[in-house]
Amino acid sequence: MPFLLNYKRADRVPTVLVQEALLAQGFTPGPADGRFGLSTLRAVVAYQRQHGLDETGAVDEGLYRSITTGKAPPAKKPVAKKAVAKKATAKKPAAKKSPTKKPAAKKAKA
């Protein structure tokens, strides 16, 4: 099972370590009580924003190591743009519409 801390699921000991490390780096995660609450979530998002990461608020293994060791977070891989494939441009003949018939006018009896 992959390591993950977030607002809905968090282990106490790793959360305490994250809270203490964020506090030491100048963020405000609230008290280091092992609860991944709203203050901790906001501190993680602020950390992610400051380092140019996706602002998910979740702490995975790489982010955990980055926060607790004080080293730079893992760099985001640039998204490779795919070359746009050109379609063959064979023009189709315009579709002919069938002529619409107007209702025949009723003849008036004389």
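This one's a predicted model, so the numbers in the text were calculated from it and none came from an experiment.

Got a minute to help me understand the side chain of Ser-66 in this structure?
Note on placement: Ser-66 falls in helix α3 (residues 61-69). Judged by its relative accessible area of 3%, Ser-66 falls in the buried class. A distance of 2.6 Å separates polar atoms of two side chains, one belonging to Ser-66 and the other to Tyr-47.

Help me understand the packing of helix α2 (residues 38-50) against α3 in this model?
A packed helix pair is summarised by two numbers, namely the angle formed by the two axes and the spacing between the axes. Axis separation between α2 and α3 bottoms out at 12 Å; the angle between their running directions is 90°. The angle between α2 and α3 places the two elements in the roughly perpendicular class. Counting all contacts with α2, which are made through Val-44, Tyr-47 and Gln-48, the residues of α3 involved are Leu-63, Ser-66 and Ile-67. Partitioning the contact of α2 with α3 into residue classes produces 4 nonpolar, 2 polar and no charged.

Where do I start with the pattern of salt bridges in this structure?
Any two side chains of opposite charge can pair, on the condition that their charged atoms come close. Taken as a whole, this structure holds 3 salt bridges when the rule is applied. Residues Arg-9 and Asp-11 are paired through a salt bridge, measuring 3.9 Å at the closest nitrogen-oxygen approach. We classify Asp-11 as partly exposed; its relative accessible area is 37%. Among the ionic pairs, Arg-49 bridges to Glu-55, the shortest N-O distance being 3.3 Å. When its relative accessible area of 44% is taken as the criterion, Glu-55 is described as partly exposed.

Conventions and cut-offs
- Residues numbered from 1 in each chain as written.
- Predicted model: local features only at pLDDT ≥ 70, side-chain atom pairs only at ≥ 80, totals over all residues.
- Heavy atoms only, no water.
- Helix = DSSP H or I, 4+ residues; strand = E, 2+ residues; numbered from the N terminus.
- Buried < 20%, exposed > 50% of the residue type's maximum accessible area, 1.4 Å probe, protein only.
- Polar contact = N/O pair within 3.5 Å; in protein donor to acceptor, adjacent residues only side chain to side chain.
- Axes fitted to C-alpha atoms, helices over the stretch in contact; angles between N-to-C directions.
- Parallel < 35°, antiparallel > 145°, perpendicular 65-115°, else oblique.
- Contact = heavy atoms within 4.5 Å.
- Nonpolar A, V, L, I, M, F, W, Y, C, P; charged D, E, K, R; others polar.
- Salt bridge = Lys/Arg side-chain N within 4 Å of Asp/Glu carboxyl O.

Note that every value here comes from positions in space, so none of it alone points to a role or purpose.
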